[in-house]
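Tertiary structure, described
What follows is each chain in one-letter form.
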Amino acid sequence: MNFRRGRRTEDVEINLIPLIDVMLVIIIFLMLTTTYSKFSGLEINLPTAAAPAAKSVPNEIDVIVTAVGDVIVNRVPVSSREPAAIADALRRARPQSEKEPVVIINADAKTPHQAVIDVMQAAQAADLPQITFATQASQN
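Since we're looking at a predicted model, the values are computed, not measured. (Residues numbered from 1 in each chain as written. Predicted model: local features only at pLDDT ≥ 70, side-chain atom pairs only at ≥ 80, totals over all residues. Heavy atoms only, no water.)

A word on the overall build of the protein
Put simply, the rule is: Elements are defined by DSSP. Helices are runs of H or I of four residues or more, strands are runs of E of two residues or more, and each kind is numbered from the N terminus. To sort residues, take the accessible area from a 1.4 Å probe on protein chains only and compare it with the maximum for the residue type: under 20% means buried, over 50% means exposed, and anything in between is partly exposed. Only heavy atoms enter the contact rule, under which two residues are in contact if any of them lie within 4.5 Å.
Tallying secondary structure elements over the protein gives three helices and five strands in all. For the protein, buried positions account for 19% of its 140 residues. Expressed as a percentage of contacts within the protein between residues at least 6 apart in sequence, the contacts between residues at least 24 apart total 68%.

If you want it as structure tokens, here you go:
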């Protein structure tokens, strides 16, 4: 029998290298899976300008379509809602200039869609191909 009188104990040491490796892997995983919602939108400050109001261009024909479908061409009411009558009114309102006039359609938000289409057809029949729509900025 072999009896040892003095037990030899080895010194216990903690190896930090594997612990550091595991912590770095966890940090990398968290960095890759984290969403950065702060960068989802950019805050942009646009430049502003103070300019005088644009003068009315004489090569414009202003057409107003009311909520019930009545048509007014350059502040003169049109007697009928038919495209032929609107085309006649547009021909009379056409300015005598070299530049082709632009038809600006101001339609109420509740205007029937057909009334706006009739004005567009009348402009085409009156040989006025340049059409634009007037809008209003939202009040928000």
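Topic: the sheet that holds strand 3 (residues 76–77)
Whenever strands of a sheet pair, they do so through backbone hydrogen bonds, lying parallel or antiparallel. Just so we agree on the cut-off: The rule for pairing is simple: two strands pair if DSSP sees at least two bridges between them. Note on geometry: axes are lines fitted to C-alpha atoms, helical ones only across the stretch in contact, with angles between N-to-C directions running from 0 to 180 degrees.
The strand order across the open sheet formed by five strands is 3-2-1-4-5, and the pairing between neighbours is mixed. Edge positions in the sheet fall to strand 3 and strand 5 (131–133), since each has one partner strand and no second. Sheet analysis places strand 1 (residues 60–65) next to strand 2 (residues 71–73), joined by three bridges and oriented antiparallel. Bridged to V63 within strand 2 is V73. Docked against the sheet, helix 2 (residues 83–93) engages strand 1 and strand 2, running at close to 15° with respect to strand 2.

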